[in-house]
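An overview of the molecular structure
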Amino acid sequence: MNALDRVGVVGCGLMGSGIAEVCARAGLDVVVAERDGGAARAGRLRITASLDRGVRSGKLAAEDRDDVLSRLRFTDDLAALADRGLVVEAVAEHRDVKAATLAAVDRHLALDDAVIASNTSSIPIIDLAAATERPESVIGLHFFNPVPVQRLVEVVPTQLTADTVTEQVSAFAAERLGKTVVRARDRSGFVVNALLVPYLLSAVRMLESGFASAEDIDHGMVLGCAHPMGPLRLLDLIGLDTAHAIADSMYEEFKEPLYAPPALLRRMVAAGTLGRKTGRGFYSYGASRG
């Protein structure tokens, strides 16, 4: 068995559950670690619900769903990751939380050549790698939401990441997970968010200024520029707290005004109106979504 056939995922929220699902669907042995038993159970339910949707749509056979679930184990003990060849961190988009998670994972890994990857959207990978004793084995592996659907993955080596690790992880994402890989240098925002976030924040500023309504902003970009989703609906999908954290990280590094979170975004995050996951953001979505 290849070492990367044994995957660990730390965090089973929206992104972590998607990463765990695509790994299990690729035939890999997956251990999912969460902060406590309740969060681990919630993660399993989230993945099961996603697989059940696949069965109902006819895209996945019931027996295949059961096979995928059989390759997933859930735990609240990081020691269960000891034999993993690759661990992907997918906890909250906060530098200190991620750095502490990588340091804790590093202490538990038994394999000298095990790789630690972060799914961060914006935090420079070297800042996280510095928290470990194996910075040469730390890399960015940034998936996109929803992970089972979106084909892109950003692979982000630091100046200390071993070339063999970069090649190994790139091949894993492309050949085992069937993703399209783009390489990015280690800078806040990488490729996609460095281009996307200023656009999203500009839409918030346009709404905040009263220049146009949310519906007209979104219709303009969908119907005028053939975007699949308008910027404000996309922010609701991403999560306004996540978008705020990404913008903060990018502004901290570059001090460019276009990266600074607008006041309206800050107020909405403070109010807990975070988008689809809370049932309300720039639009209303009914009941709160877990």
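Notes on the structure follow. Quick caveat, the model's predicted, so the values are computed rather than measured.

Once that is clear, we can look at the nonpolar core. Counting 35 residues, the largest nonpolar core has Ile19, Cys23, Val30, Leu72, Leu141, Phe143 and Phe172 as its most contacted members. If you tally residues by element for this core, the top one is helix α1 (residues 14-25), at six residues. Beyond its immediate sequence surroundings of up to four residues, leucine 141 is in contact with Val88, Ala117, Ser118, Asn119, Val153, Glu154, Val155, Val169 and Ala173. Core analysis: the second largest hydrophobic core is formed by 22 residues, Val204, Ile217, Ile246 and Tyr283 among them.

Here we come to helix α9 (residues 231-238). For α9, every residue scored as buried is listed here: Pro231, Leu232, Leu235 and Asp236. Summarising the axial view, the buried residues of α9 lie within an arc of 145°, below the 170-degree limit, and thus occupy one face. For α9, the secondary structure elements touched by its buried residues are α7 (192-208), α8 (214-225) and α10 (240-254).

A few words on the side chain of threonine 158. Relative to the helices and strands, threonine 158 resides in the loop between β7 (152-157) and α6 (163-176). Among the polar contacts made by the side chain of threonine 158, one reaches the main-chain amide nitrogen of leucine 160 at a distance of 2.9 Å. If sequence neighbours within four positions are ignored, threonine 158 has contacts with Ile125, Ile126 and Asp186.

Interhelical geometry of α7 versus α10 gives an angle of 115° and a closest axis separation of 11 Å. Comparing their axes, α10 and α7 come out roughly perpendicular. Crossing geometry of α7 relative to α10 is assigned as left-handed. Counting all contacts with α7, which are made through Asn193, Ala194, Val197 and Leu201, the residues of α10 involved are Ile246, Ala247 and Met250. Across the contact of α7 with α10, the residue classes tally to six nonpolar, one polar and no charged.

Buried residues dominate strand β1 (residues 6-10), accounting for five of its five residues. A two-sided burial pattern is seen for β1, the buried positions comprising Arg6, Gly8 and Val10 on one face and Val7 and Val9 on the other. Here β1 runs beside strand β2 (residues 29-33); their pairing, made up of five bridges, is parallel. Residue pairing in the sheet places valine 9 in a bridge with valine 32 of β2. Here β1 pairs with strand β4 (residues 86-89) via four bridges, running parallel. Within the sheet, the bridge partner assigned to glycine 8 lies in β4 and is valine 87.

The subject of this paragraph is unusual backbone geometry. For the peptide bond that leads from asparagine 145 to proline 146, omega is -5°, which places it in the cis range. Inspection of the secondary structure assignment puts proline 146 in the loop between β6 (138-143) and β7. Residue phenylalanine 190 is not a glycine yet carries a positive backbone phi of 55°. Its place among the elements puts phenylalanine 190 in the loop between β8 (180-183) and α7. We classify phenylalanine 190 as buried; its relative accessible area is 4%. A positive phi angle is found at lysine 255, which is not glycine, with a value near 55°. Tracing the chain through its elements places lysine 255 in the loop between α10 and α11 (263-271).

Looking now at the side chain of aspartate 218. Assignment of secondary structure puts aspartate 218 in helix α8. Despite being buried, aspartate 218 has no salt bridge partner; arginine 233 is the closest side chain of opposite charge, sitting 4.6 Å away. Beyond its immediate chain neighbours, meaning those up to four positions away, aspartate 218 contacts Gly230, Pro231, Leu232, Arg233 and Tyr283.

Each strand in a sheet pairs with another by means of backbone hydrogen bonds, the pair being arranged parallel or else antiparallel. Overall, mixed pairing links the eight strands, which are arranged β3-β2-β1-β4-β5-β6-β7-β8 in an open sheet. Sheet topology places β3 (72-75) and β8 at the edges, where each strand pairs with a single neighbour. Taken pair by pair, the neighbouring strands of this sheet meet at an average axis angle of 25°, ignoring direction. Across four bridges, the pairing between β4 and strand β5 (residues 115-118) is parallel. Paired with leucine 86 across the two strands is valine 115, which belongs to β5.

Attention shifts here to the packing of α7 against α8. Relative orientation of the contacting elements α7 and α8 amounts to 145°, with a least axis distance of 9 Å. As for how α7 packs across α8, the hand of that crossing is right-handed. Where α7 abuts α8, its residues Tyr199, Ala203, Met206 and Leu207 lie against Ala214, Ile217 and Met221. Residue classes in the contact of α7 with α8 are distributed as seven nonpolar, no polar and no charged.

Thresholds, definitions, all that
- Residues numbered from 1 in each chain as written.
- Predicted model: local features only at pLDDT ≥ 70, side-chain atom pairs only at ≥ 80, totals over all residues.
- Heavy atoms only, no water.
- Core = buried A, V, L, I, M, F, W, Y, C linked by side-chain atoms within 4.5 Å.
- Buried < 20%, exposed > 50% of the residue type's maximum accessible area, 1.4 Å probe, protein only.
- Helix = DSSP H or I, 4+ residues; strand = E, 2+ residues; numbered from the N terminus.
- Contact = heavy atoms within 4.5 Å.
- Arc of directions from axis to C-beta.
- Polar contact = N/O pair within 3.5 Å; in protein donor to acceptor, adjacent residues only side chain to side chain.
- Axes fitted to C-alpha atoms, helices over the stretch in contact; angles between N-to-C directions.
- Parallel < 35°, antiparallel > 145°, perpendicular 65-115°, else oblique.
- Left-handed = near helix turned anticlockwise from the far one by under 90°.
- Nonpolar A, V, L, I, M, F, W, Y, C, P; charged D, E, K, R; others polar.
- Pairing = 2+ DSSP bridges.
- Lys, Arg positive; Asp, Glu negative; His and termini not counted.
- Salt bridge = Lys/Arg side-chain N within 4 Å of Asp/Glu carboxyl O.

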